[in-house]
Amino acid sequence: MKKTTLLLSALAAFALPATTHAAPNKNLNIYCWSEYIPQAVIDRFAKETGTKVTVENYASNEEMLSKLAAGGGAYDIIQPSEYVMEALVKEKFLHPIDRAKIPNLKNIAPQFLNLAFDPGNKFSVPFMAGTVGIVVNTDLIKTEIRGFNDVFKPENKGNIVVLDDAREIVAWALLANGMGVNQITDKNLNKIKPTLEKWLPLVKVYDSDSPKTALLNGDVAVGVVWGGEGAILLNKNKKFRWIIPAEGSHMFIDSLAIPKAAKNVESAEEFMNFILRPEISKEISEEFPYLNPNLAARALMTKKELENPASFPTDEEMKKMQIFRDIGTQASEIEEIVTTLKAQ
Ligand code: N2P
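Residues numbered from 1 in each chain as written. Predicted model: local features only at pLDDT ≥ 70, side-chain atom pairs only at ≥ 80, totals over all residues. Heavy atoms only, no water.

Draft legend 1. Quick look at the overall build of the protein. Each helix and strand in the protein was counted, giving 15 helices and 9 strands. Computed over the C-alpha atoms, the radius of gyration of the protein is 20 Å, within 12% of the 20 Å expected from 2.2 N^0.38 for a compact globule of 344 residues. When its C-alpha atoms are laid out on the principal axes, the protein stretches across 65 × 40 × 40 Å. Sorting the 344 residues of the protein into buried and exposed places 53% on the buried side. Taking the contacts inside the protein whose residues are at least 6 apart along the sequence as the reference set, 74% of them involve residues at least 24 apart. Carbon and sulfur atoms provide 55% of the accessible area of the protein, an area that totals close to 15,900 Å². Of the side-chain charges in the protein, 39 are positive and 43 negative, and the distance between the mean point of each set is 2 Å. (Helix = DSSP H or I, 4+ residues; strand = E, 2+ residues; numbered from the N terminus. Rg over C-alpha atoms; globule rule 2.2 N^0.38 Å. Buried < 20%, exposed > 50% of the residue type's maximum accessible area, 1.4 Å probe, protein only. Contact = heavy atoms within 4.5 Å. Areas by Shrake-Rupley, 256 points an atom, 1.4 Å probe, with all protein chains shown as cover. Lys, Arg positive; Asp, Glu negative; His and termini not counted. Charge placed at Lys NZ, Arg CZ, Asp CG, Glu CD.)

Written as structure tokens, this is what we have:
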């Protein structure tokens, strides 16, 4: 949220007569991805449960981790992706979830439960899943784009937006060199460096918060973006096309978890159960159309929403998707490689 908006809402709250709202007696501090949890959902939870909710955003798993590592913030809920959840589980950073408090977990499709990053879902509740793919503005690009190798071509120089995310960018280069997204060894990193050296100077915009914006404005003609962002573009204009890269792709699963140091565990569990309600989860999908793992919510969604190819990959596409694993200390290495190459 912009500072001015914050200030305005603080002032507005101040201006309300004290009698109109019972003072919230519960607190919940959420640290989550930007453009992922609609404000209306937060507001409804706050009102319904009498909870004072604060929300802070991050644009990458690594940004969240560095803040947590620096001891920053006192969060009750965080929203890591699978590979970071795996690390946090290993490091015993998380508070176990009381499943009895989250009966709505029954709404989640079995394929998103009990995954390698958290067997038995002892610490994590799936929020949303998705993939990363290519969006092409077909008014501006007339040649066929099938995969990363077609995007990162000299003729597209200065016309490309990509996610500002080292793990993502390295995964695409691995795939383009015929390797799996988790095959991150020093040897393989050396092998893919020439690819990154070729690709990154072609990029105009790095944006993980809202990569759709550069495409919508016509600042760029092609992008490698989150599925939910692609889905919004497809809904906005028929000139946008979605492509799952021919070289391969991955599926992310972003879940909610409670840090051990959380002060408001009950509110955190209450919120987890709340977002898993079919109608709330559907509302989240309406604003941020990712791959919703909630079957009860999907039952409420329109055919158009369910058929958006950027939200819901086909079964065939899903079968081929890889899932990121924790790569330990190699994470800082890839961060360094990408940062250095971006600066050139
Ligand atoms: C939401 C970003 C999607 C998260 N803005 C990808 N893991």
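Moving on from the coordinates now.
Draft legend 2. Looking closely at the layout of surface pockets. Counted as a void, the second largest pocket has a volume near 340 Å³. Taken together, 18 residues form the lining of the second largest pocket, with Leu65, Ala87, Glu91, Asp326 and Ala331 sitting closest to its centre. Looking at the lining of the second largest pocket, the elements with two or more residues in it are α3 (61-69), α4 (82-90) and α15 (330-343). Broken down by element, the residue count for the lining of the second largest pocket peaks at 5 residues, all from α4. Tallied by class, residues from the lining of the second largest pocket come to 10 nonpolar, 2 polar and 6 charged. Of the residues that make up the lining of the second largest pocket, three or more belong to each of domain 1 (4-129 + 253-311) and domain 2 (130-250 + 321-343). (1 Å grid on protein atoms, 1.4 Å probe; cavity = no way out; pocket = protein on both sides within 12 Å on 5 of 7 lines; lining within 4 Å. Points joined across faces, edges and corners; volume = space filled by probe spheres on them. Nonpolar A, V, L, I, M, F, W, Y, C, P; charged D, E, K, R; others polar. Domains from an automatic or database assignment.)

Draft legend 3. Here's a closer look at empty space enclosed by the protein. Counted according to the given criterion, the structure contains 3 cavities of 30 Å³ or more. Roughly 120 Å³ of volume is contained in the largest cavity. Around the largest cavity, the lining residues are Trp33, Ser34, Glu35, Tyr36, Ser81, Ser208, Asp209, Trp226, Glu229, Phe252, Asp254 and Tyr290. A class-by-class count of the residues in the lining of the largest cavity yields 5 nonpolar, 3 polar and 4 charged.

Draft legend 4. A look at the packing of helix α7 (residues 186-199) against α15. Two elements in contact, α7 and α15, have axes whose closest approach is 11 Å; the angle formed by their N-to-C orientations is 20°. One element, α7, and the other, α15, form an angle in the roughly parallel class. α7 and α15 meet at a crossing whose hand is right-handed. Along the contact surface, α7 presents Asp186, Leu189, Lys193, Leu196 and Glu197, while α15 presents Gln330, Glu333, Ile334, Ile337 and Leu341. For the contact of α7 with α15, the residue count by class is 5 nonpolar, 1 polar and 4 charged. (Axes fitted to C-alpha atoms, helices over the stretch in contact; angles between N-to-C directions. Parallel < 35°, antiparallel > 145°, perpendicular 65-115°, else oblique. Left-handed = near helix turned anticlockwise from the far one by under 90°.)

Draft legend 5. Region of interest: the domain arrangement of the protein. Under the domain assignment used here, the protein contains domain 1 (4-129 + 253-311) and domain 2 (130-250 + 321-343). Measuring from the centre of the C-alpha atoms in domain 1 to the corresponding centre in domain 2 gives 26 Å. The partner domain 2 presents 22 residues to the 24 residues of domain 1 that form the contact. Both sides together, the interface formed by domain 1 and domain 2 hides about 1,900 Å², and carbon and sulfur atoms give 53% of it. Where domain 1 meets domain 2, there are 3 salt bridges. Linking Glu86 and Arg325 is a salt bridge whose minimum nitrogen-to-oxygen distance equals 2.8 Å. Taken together, the connections running from domain 1 to domain 2 amount to 8 residue pairs in polar contact (both at pLDDT 80 or more). Of the residues forming the side of domain 1 that touches domain 2, the biggest block, 5 residues, is contributed by α4. Residue composition of the side of domain 1 that touches domain 2, by class: 13 nonpolar, 4 polar and 7 charged. (Buried area = accessible area lost by both parts, 1.4 Å probe. Salt bridge = Lys/Arg side-chain N within 4 Å of Asp/Glu carboxyl O. Polar contact = N/O pair within 3.5 Å; in protein donor to acceptor, adjacent residues only side chain to side chain.)

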